[in-house]
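Structural overview
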Amino acid sequence: MSMGQTYTVAVAGMGKRGTHHAEAVSKNPRFKLVGFCDIDQGRVDAAKKQFGVDYGSLDSIQMLKDLKPDVFIFCTLPDLRLPLIRAGVESGAKLIAYEKPIATSMNEAIEMYRLMRAAGVKSVISHQHRYGEHYSKVKEIIASGAIGRVHTVYGHALGWMMHMMTHMIEYASWYNDYAEPEWVIGQADGIEKFSDNHPSPDYISALVQYSNGVRGVFETGAGAPDVPEVSSWWRKCRVGAQGSEGFAEVLTGGGGEGGGWRAVTKDGVTSGPGSMDYEHDMGPYVQEIVDWLDDDRKIHPCNGETAYKGFEVMMAACRSAVQRGRVTLPLGPSQTPELEALKNALSSKNLIQA
Ligand SMILES: NC(=O)c1ccc[n+]([C@@H]2O[C@H](COP(=O)([O-])OP(=O)(O)OC[C@H]3O[C@@H](n4cnc5c(N)ncnc54)[C@H](O)[C@@H]3O)[C@@H](O)[C@H]2O)c1
């Protein structure tokens, strides 16, 4: 058996998630880490030392020019996406893996995907919670037909929109076999979190109509339902599906506490353990990057085209809260970026109340 070729990997943004990615890549024999970039020299030096890599840079564009890696990974905060996608495409990367949310506006997402599609560059987004055993158990139950005909999928999180909403949409869409989202109605409240580094309304909800008639129900932020079974605040997330004969859902959980899955089917009530675990989830996430690079038919389950559709649903919810009424997909560009328009709409609402 051939071992297959080795793919070179350069990583930019060596904070929490960049380090998780570098750890998973370093453990996979099909990858070779070749360089790191961060605007913080201390983080570059620490990564070089931890992973035994010679190359480090404060400038990702320079790093890409110097190394021309097969795979470019970047894990910067949401404000930095399009320039790094452009640099990755121009350097000839075969695949770019980066963090959710994919962009900060539809205009940005449209341009990023125009560049990647034109150059034939694959993309993979870190919606890696799906690798949790509880997440896949729920998928297995739904796919087996045990809950009957699925009519509703849902996901909610206390964490705010730009952190959590595309995670919720992604896994619920998976539970709905990635049927096309057709339209969205959204409502939002509160402007405090627009000043966060994941700028968001304090609360947002979205109702989604999928092409197979299934309804999606999403809520994120302050006022979303609590998940009292889970103690870790960020992991108070519930994602699942209801059908004609029962339901199955996952509670994200973490640190071994309170997560897991549960289902009610005509065979009775069942449940099992599980909790979100970066180390567990990142291994298969990077392995499926290798698989897709080896074979075009093995499309990564966290591929960028799927993430783009989930992001579109989130942006449609923002537009709906501004314009009122239903917003039909796909979305074109907008004159005012969604977050700015939504902040303006919610701010003027507060003025009217005062
Ligand atoms: N998938 C998940 O489960 C998950 C979990 C947490 C965070 N995230 C996402 O990961 C992303 C990063 O979050 P984090 O918690 O790792 O942030 P972080 O602040 O820990 O790391 C970001 C790093 O990027 C660096 N950086 C900033 N500008 C740069 C530039 N121009 N070039 C190179 N590096 C630059 C910063 O110095 C910092 O080290 C966010 O989009 C966040 O939403 C995903």
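Heads up: the structure comes first, above all this text.
Residues numbered from 1 in each chain as written. Predicted model: local features only at pLDDT ≥ 70, side-chain atom pairs only at ≥ 80, totals over all residues. Heavy atoms only, no water.

Points about the overall build of the chain
Summing up its helical and strand segments, the chain has 10 helices and 15 strands in all. Relative to its length of 354 residues, the chain is compact, with a C-alpha radius of gyration of 20 Å against a globular reference of 20 Å. Expressed as lengths along the three principal axes of its C-alpha atoms, the size of the chain is roughly 55 × 55 × 35 Å. Taking all 354 residues of the chain together, the buried fraction comes to 57%. Roughly 15100 Å² of accessible area belongs to the chain as shown, and the carbon and sulfur atoms make up 51% of that amount. (Helix = DSSP H or I, 4+ residues; strand = E, 2+ residues; numbered from the N terminus. Rg over C-alpha atoms; globule rule 2.2 N^0.38 Å. Buried < 20%, exposed > 50% of the residue type's maximum accessible area, 1.4 Å probe, protein only. Areas by Shrake-Rupley, 256 points an atom, 1.4 Å probe, with all protein chains shown as cover.)

A closer look at the sheet that holds strand 2 (residues 31-37)
Read from one edge of the open sheet, 6 strands run 3-2-1-4-5-6, paired in parallel fashion. Edge positions in the sheet fall to strand 3 (55-57) and strand 6 (122-125), since each of these pairs with one other strand and no more. Pairs of neighbouring strands in the sheet enclose a mean axial angle of 20°, with direction left out of account. Bridge count for strand 1 (residues 7-12) against strand 4 (residues 71-74) is 4 bridges, and the pairing is parallel. Its bridge partner lying in strand 4, A12 is registered against F74. The strands touched by helix 1 (residues 16-26) are strand 1, strand 2 and strand 4; relative to strand 2, the strand with the most contacts, the crossing angle is about 155°. Strands strand 2 and strand 3 of the sheet are contacted by helix 2 (residues 41-51), whose axis makes an angle of about 160° with strand 2. (Pairing = 2+ DSSP bridges. Axes fitted to C-alpha atoms, helices over the stretch in contact; angles between N-to-C directions. Contact = heavy atoms within 4.5 Å.)

Quick word on the packing of aromatic side chains
Inspection of every chain in the model, using the stated rule, returns 9 aromatic pairs. Between the aromatic rings of F72 and F74, the centroid separation amounts to 5.5 Å while the plane-to-plane angle is 35°, which identifies the pairing as tilted. For F74, a relative accessible area of 0% corresponds to the buried category. On the basis of an interplanar angle of 55° and a centroid distance of 4.9 Å, the ring pair of Y113 and Y308 is categorised as tilted. Of this pair, Y113 sits in helix 5 (residues 106-119) while Y308 sits in helix 9 (residues 304-323), placing them 195 residues apart in sequence. Among the aromatic residues, those joined into a ring-pair cluster are F72, F74 and Y98. Above the face of the W174 ring, R130 is positioned so that its terminal group lies 4.1 Å from the ring centre. In this arrangement the basic side chain of K193 is found over the ring face of W160, its NZ or CZ atom lying 4.4 Å from the centre. (Phe/Tyr/Trp six-rings, centres within 6.5 Å; stacked < 30°, edge-to-face > 60°. Lys NZ or Arg CZ within 6 Å of the ring centre and 35° of its normal.)

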